[in-house]
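# A look at the structure
Chain by chain, the residues run as shown.
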Amino acid sequence: MTTPGTPRVLRAMNDRAALDLLLEHGPLSRSRIGELTGLSKPTASQLLARLEAAGLVVVTGTTAGRPGPSAQLYGVNPRAAYAGGLDVNPRRIRAAVADVTGAVVGEFELATPQGRKRSDGAVRQVVDALGGAVKDAGLAVGDVRRVVVGTPGAFDPSTGRLRYASHLPGWHSTTLLEELAAALPMPVEYENDVNLVAVAEQRLGAARGHRDFVLLWNAEGLGAALVIGGRLHRGFTGGAGEVGFMPVPGVPLVRNVARTGSGGFQELAGAQVLPRLARELGLDGPGGLAHARDAVWLLERAAEDTDYSPLLDAFAGRLATGLASLVAVLDPEIVVLAGDVVVAGGEPLRERVEAELGELAAARPRLLIGGVREHPVLRGALEVALAAARDDVFDTSAA
């Protein structure tokens, strides 16, 4: 049995609908809000007056210069709330603060010294990185309502310990989450970095409008995010998508993967294989050939120079080998290719992977290149934090 909505609840629902429309479309007039929500002009006027009094909307201008009489334009008040996001890897923490509209208002990057094992070092780094972004925004830390931290691996919900990320020093204490909660004045969530890229792509990029997709991430490490029915699938211990550990044909079977920090698919198609493939094919590359940036250089060259086409062919076959297993199990609508390494290969690499996957898998999802190119982990963290902050401040049911 359903409970009829009370006037207060119905008002709150209309308020939230109007706020979401303003976020989606930008400033709107009272009459346009009425049209989009189906509310009468008097009701739309009351709604806007209520939201303006609550500090949630502000007048941003008028429709002067357009046909017809001028009217006031209303937009979401960007100062109504702020949210923070952090992208953590072994070398640095990148932090940002966004206002409630999603505009980034402060950023900071903190280099993280290698070799630190103590959790208090990780706590201090998080506090300093967030503090730097807050200062850049001209805010106080208490102004930030929500924070989301993206890391490699995932925190096991049963132990609170970070798993699948042995390369992140200082982040493996079972008390780390408690220490961070004590050090920060706002609610903090933690999410796998590749999952956050999937969130960014689902809300802003190539996966918009899609409820079932796989995102394959290839940068310094190789991983995946699985979105089923519109929701992230994390697995029992948070390890869903750790496909770098997946056994695949073409490389020797890797055992004790948790200890070695690598596995079959990583050994087959990780960034580190590209320099070796290039040498085997007699292709020139940058000096050193030891880092992900060298893999990016090679694939960018291969996307433009037909002499490097054999490198694209070989690497596409390796990527498709692992993807075939994911597609066979999940049957996704689309596959999004993301991360510096695969993005560097561009359309020539995407076309080859899609063609090879068509030979290896019964299902044939479309392959798309990720659309969120600038700091996608950080953007995903901000999107998750903003969603929670908006739920906090846009709820007018108690008013």
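A brief look at the structure comes next.

Here is what the cut-offs are and how they apply
- Residues numbered from 1 in each chain as written.
- Predicted model: local features only at pLDDT ≥ 70, side-chain atom pairs only at ≥ 80, totals over all residues.
- Heavy atoms only, no water.
- Helix = DSSP H or I, 4+ residues; strand = E, 2+ residues; numbered from the N terminus.
- Rg over C-alpha atoms; globule rule 2.2 N^0.38 Å.
- Buried < 20%, exposed > 50% of the residue type's maximum accessible area, 1.4 Å probe, protein only.
- Contact = heavy atoms within 4.5 Å.
- Areas by Shrake-Rupley, 256 points an atom, 1.4 Å probe, with all protein chains shown as cover.
- Lys, Arg positive; Asp, Glu negative; His and termini not counted.
- Charge placed at Lys NZ, Arg CZ, Asp CG, Glu CD.
- Salt bridge = Lys/Arg side-chain N within 4 Å of Asp/Glu carboxyl O.
- Core = buried A, V, L, I, M, F, W, Y, C linked by side-chain atoms within 4.5 Å.
- Pairing = 2+ DSSP bridges.
- Axes fitted to C-alpha atoms, helices over the stretch in contact; angles between N-to-C directions.
- Expected span 1.5 Å × (residues − 1).
- Arc of directions from axis to C-beta.
- Parallel < 35°, antiparallel > 145°, perpendicular 65-115°, else oblique.
- Nonpolar A, V, L, I, M, F, W, Y, C, P; charged D, E, K, R; others polar.
- Bend = angle between axes of the 7 residues up to and from the residue.

For the rest of this paragraph, the subject is the overall build of the chain. Counting secondary structure elements, the chain contains 13 helices and 15 strands. Relative to a compact globule of 399 residues, whose C-alpha radius of gyration would be 21 Å, the chain shows 24 Å and is just as compact. In terms of principal-axis extent, the alpha carbons of the chain reach across some 70 × 50 × 50 Å. Taken over 399 residues, the chain has a buried fraction of 51%. Taking contacts inside the chain between residues at least 6 apart in sequence as the whole, the part at least 24 apart equals 60%. Of the roughly 18800 Å² of accessible surface on the chain, 50% is carried by carbon and sulfur atoms. Of note, the chain has its 40 positive side-chain charges centred 5 Å away from the centre of its 45 negative side-chain charges.

At Tyr164, a position not held by glycine, the phi torsion is positive, near 65 degrees. With respect to the helices, strands and loops of the structure, Tyr164 is situated in the loop between strand 9 (162-163) and helix 5 (176-183). For Asn256, which is not a glycine, the phi torsion comes out positive at approximately 55 degrees. Tracing the backbone through its elements, the reader meets Asn256 in the loop between strand 13 (231-232) and helix 7 (257-260).

According to the stated counting rule, one finds 18 salt bridges in the structure shown. With a closest N to O distance of 3.7 Å, Asp87 and Arg94 form a salt bridge. A relative accessible area of 6% places Asp87 in the buried class. Note that Arg276 is salt-bridged to Glu280, the shortest N-O span being 3.2 Å. Of the two residues, Arg276 and Glu280 both sit in helix 9 (residues 273-280), four residues apart, roughly one turn of that helix. The network of salt bridges with common partners includes Asp87, Arg92, Arg94 and Glu109.

Judged by nonpolar contacts, the single largest core of 46 residues is most densely connected at Leu216, Phe265, Phe315 and Leu349. Of all elements in the fold, only strand 11 (213-218), strand 12 (222-228), helix 8 (264-269), helix 9, helix 10 (292-304), helix 11 (309-330), strand 14 (334-338) and helix 12 (340-360) reach the threshold of two or more residues within this core. With 29 residues, the next largest nonpolar core counts Val148, Val227, Leu378 and Val384 among its residues.

On to the pairing of strand 7 (residues 144-151). The buried fraction of strand 7 amounts to six of the eight residues, a majority that puts the element mostly inside the structure. As paired elements, strand 4 (residues 82-88) and strand 7 share six bridges and run parallel to each other. From the neighbouring strand, Tyr82 faces strand 7, where its bridge partner is Val144. Alignment of strand 7 against strand 10 (residues 188-192), held across five bridges, turns out to be parallel. The residue bridging Val148 from the neighbouring strand is Glu189, located in strand 10.

Strand order across the open sheet formed by five strands is 6-5-4-7-10, with mixed pairing between neighbours. In this open sheet, the two edge strands, each paired with only one partner strand, are strand 6 (104-111) and strand 10. Adjacent strand axes in the sheet meet at a mean angle of 15 degrees when their direction is disregarded. Across seven bridges, the pairing between strand 4 and strand 5 (residues 92-99) is antiparallel. Following the sheet pairing, Gly84 is matched in strand 5 by Val97.

The terminal C-alpha atoms of helix 3 (residues 41-53) lie 18 Å apart, and with 13 residues this matches the ideal 18 Å at 1.5 Å per residue to within 8%. Among the residues of helix 3, those classed as buried are Ala44, Leu47, Leu48 and Leu51. The arc that holds every buried residue of helix 3, seen down its axis, measures 95 degrees, which confines them to one face. Among the exposed residues of helix 3, those pointing more than 90 degrees away from its buried face are Pro42, Gln46 and Ala53. Buried-residue contacts for helix 3 involve helix 1 (7-25), helix 2 (30-37), strand 2 (57-62) and strand 3 (72-76). In the stretch just after helix 3, Gly55 is the one whose phi turns positive, near 80 degrees.

Across the interface, helix 9 lies against helix 10 with an axial gap of 8 Å and an inter-helix angle of 50 degrees. Considered as vectors, helix 9 and helix 10 are oriented oblique to each other. Contact residues: helix 9 offers Leu274, Pro275 and Ala278, while helix 10 offers Ala295, Leu298 and Leu299. Across the contact of helix 9 with helix 10, the residue classes break down as six nonpolar, no polar and no charged.

Here we take up helix 11. Taking 1.5 Å of rise per residue, the 22 residues of helix 11 would be expected to cover 32 Å, and the 30 Å separating its terminal C-alpha atoms lies within 8% of that figure. The sharpest bend along helix 11 reaches about 30 degrees and sits at Leu323. Among the residues trailing helix 11, Asp331 stands out with phi positive, at a value near 50 degrees.

Before going further, it helps to spend a moment on the side chain of Asn77. With respect to the element layout, Asn77 can be found in the loop between strand 3 and strand 4. Excluding anything up to four places from it in sequence, Asn77 contacts Gly55, Leu56, Val57, Val58 and Val100.

Here we come to the sheet that holds strand 3. Two strands in a sheet stick together by hydrogen bonds in their backbones, pointing the same way (parallel) or opposite ways (antiparallel). A sheet is described by the order of its strands in space; here three strands give the open sequence 1-3-2, paired in antiparallel fashion. Edge strands, defined here as strands with exactly one partner in the open sheet, are strand 1 (28-29) and strand 2. Direction of pairing for strand 2 relative to strand 3: antiparallel, over a ladder of five bridges. Counted as the bridge partner of Val57 is Val76 from strand 3.

Note that all results are geometric; they support no functional claim without further evidence.
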